[in-house]
Amino acid sequence: MASTQKTVATTNEVIESALIRAPLSHVWHFIKLPDFDKFWTSIQKAEHVGGVSNETDVVKWTFKDGNIFEVKQDEHSNLDHFITFSVINAEPELTYSSVVSTIRCWPVTSGEFEDCTFVRWTSKFSSDADIGVIEDAKYKRRDALKDLAAAASKMASGK
């Protein structure tokens with residue numbers, strides 16, 4: 001028998017972007033998993049997790065709200081300026097199965113915003129992530145991009 005309960009259809013992908021008024025080199029400087037605490041003000045501490053394997057880069061992010069994520073670097077390119085990572089462990093436990101995120105940076109090379117950087121942060125969630133998870137992720141990524149812009153701009157101004 002079909003359920004009469006209706007659910008709202010949602011996408012399980014969050015895409016947020018920002019134009020940062022700093023050169024690519026200043027933005028890219030922060031895009032390393034162990035350095036996220038140097039720009040993202042929600043993270044209290046970022047530290048390497050030892051004993052995983054020689055081929056796996058895992059970092060523990062301790063957030064100021066008490067949440068802890070262990071994130072695994074899946075890809076990193078200094079040539080194409082992107083990083084892809086996934087959450088492999090969380091305390092408290094996540095309400096969804098998985099999320100894979102990619103942050104990609106592009107230099108703006110001409111026009112009014114020359115010497116700025118365009119940044120896009122995408123996160124793909126498993127199908128069991130509900131609308132609350134998606135909305136929360138959207139605002140957290142916006143806050144993180146705002147923090148990244150502040151840190152990169154500060155570096156660019158030499159302060």
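What counts as what
- Residues numbered from 1 in each chain as written.
- Predicted model: local features only at pLDDT ≥ 70, side-chain atom pairs only at ≥ 80, totals over all residues.
- Heavy atoms only, no water.
- Core = buried A, V, L, I, M, F, W, Y, C linked by side-chain atoms within 4.5 Å.
- Buried < 20%, exposed > 50% of the residue type's maximum accessible area, 1.4 Å probe, protein only.
- Helix = DSSP H or I, 4+ residues; strand = E, 2+ residues; numbered from the N terminus.
- Pairing = 2+ DSSP bridges.
- Salt bridge = Lys/Arg side-chain N within 4 Å of Asp/Glu carboxyl O.
- pLDDT = per-residue confidence, 0-100.
- Axes fitted to C-alpha atoms, helices over the stretch in contact; angles between N-to-C directions.
- Contact = heavy atoms within 4.5 Å.
- Expected span 1.5 Å × (residues − 1).
- Polar contact = N/O pair within 3.5 Å; in protein donor to acceptor, adjacent residues only side chain to side chain.

Per an unreviewed UniProt entry, the protein goes by Bet v1-like protein and derives from Lasiosphaeria hispida.

Okay, the nonpolar core next. Counting residues in hydrophobic clusters, the biggest one holds 40 residues, and the most contacted among them are F36, W40, W61, F85, F125 and L148. Broken down by element, this core gets its largest block of residues, eight residues, from helix 2 (residues 131-157).

Glancing now at the pairing of strand 4 (residues 68-77). Two strands pair when backbone bridges link them, and strand 3 (residues 58-63) and strand 4 are joined in this way by five bridges, in the antiparallel orientation. Each residue of the ladder has a partner; that of W61, found in strand 4, is F69. Between strand 3 and strand 4, which follow one another and run antiparallel, lie four residues, and G66 among them has a positive phi close to 100°. Note: strand 4 against strand 5 (residues 82-91), nine bridges, orientation antiparallel.

A word on the pattern of salt bridges. Scanning the model with the defined rule gives seven salt bridges in all. A salt bridge links K138 to E135, with the nearest nitrogen and oxygen atoms 3.4 Å apart. Here K138 and its partner E135 are both found in helix 2, three residues apart, which amounts to about one turn of the helix. Residue K138 is classed as buried on the basis of its relative accessible area of 19%.

Inspection of the sheet shows strand 1 (residues 13-20) paired to strand 7 (residues 117-125) by eight bridges, in the antiparallel sense. Following the sheet pairing, L19 is matched in strand 7 by F118. Pairing of strand 6 (residues 99-107) with strand 7 involves nine bridges; the strand directions are antiparallel. Directly across from T102, in strand 7, lies its bridge partner T122.

Let's shift gears to the confidence of the model for the protein. Put simply, the protein has an average pLDDT of 92, and 93% of its residues get 70 or more. Mean pLDDT across the elements of the protein ranges from a minimum in helix 2, with 94, to a maximum in strand 6, with 98.

Attention now goes to the sheet that holds strand 3. Sheet architecture is open: seven strands sit in the order 1-7-6-5-4-3-2, paired in antiparallel fashion. The open sheet is flanked by strand 1 and strand 2 (43-48), the only strands paired with a single partner. Between one strand and the next, the sheet's axes are offset by a mean angle of 25°, whatever the strand orientation. Seen against the sheet, helix 2 touches strand 1, strand 6 and strand 7 and runs at an angle of roughly 20° to strand 1.

As a further point, take helix 2. Spanning 27 residues, helix 2 covers 39 Å between terminal C-alpha atoms, matching the ideal 39 Å at 1.5 Å per step. Taken together, the buried residues of helix 2 touch strand 1, helix 1 (24-28), strand 6 and strand 7. At the N-terminal boundary of helix 2, the capping side chain belongs to D130, with an oxygen 3.0 Å from the backbone nitrogen of G132. At the exit of helix 2 stands G158, carrying a positive phi of roughly 80°.

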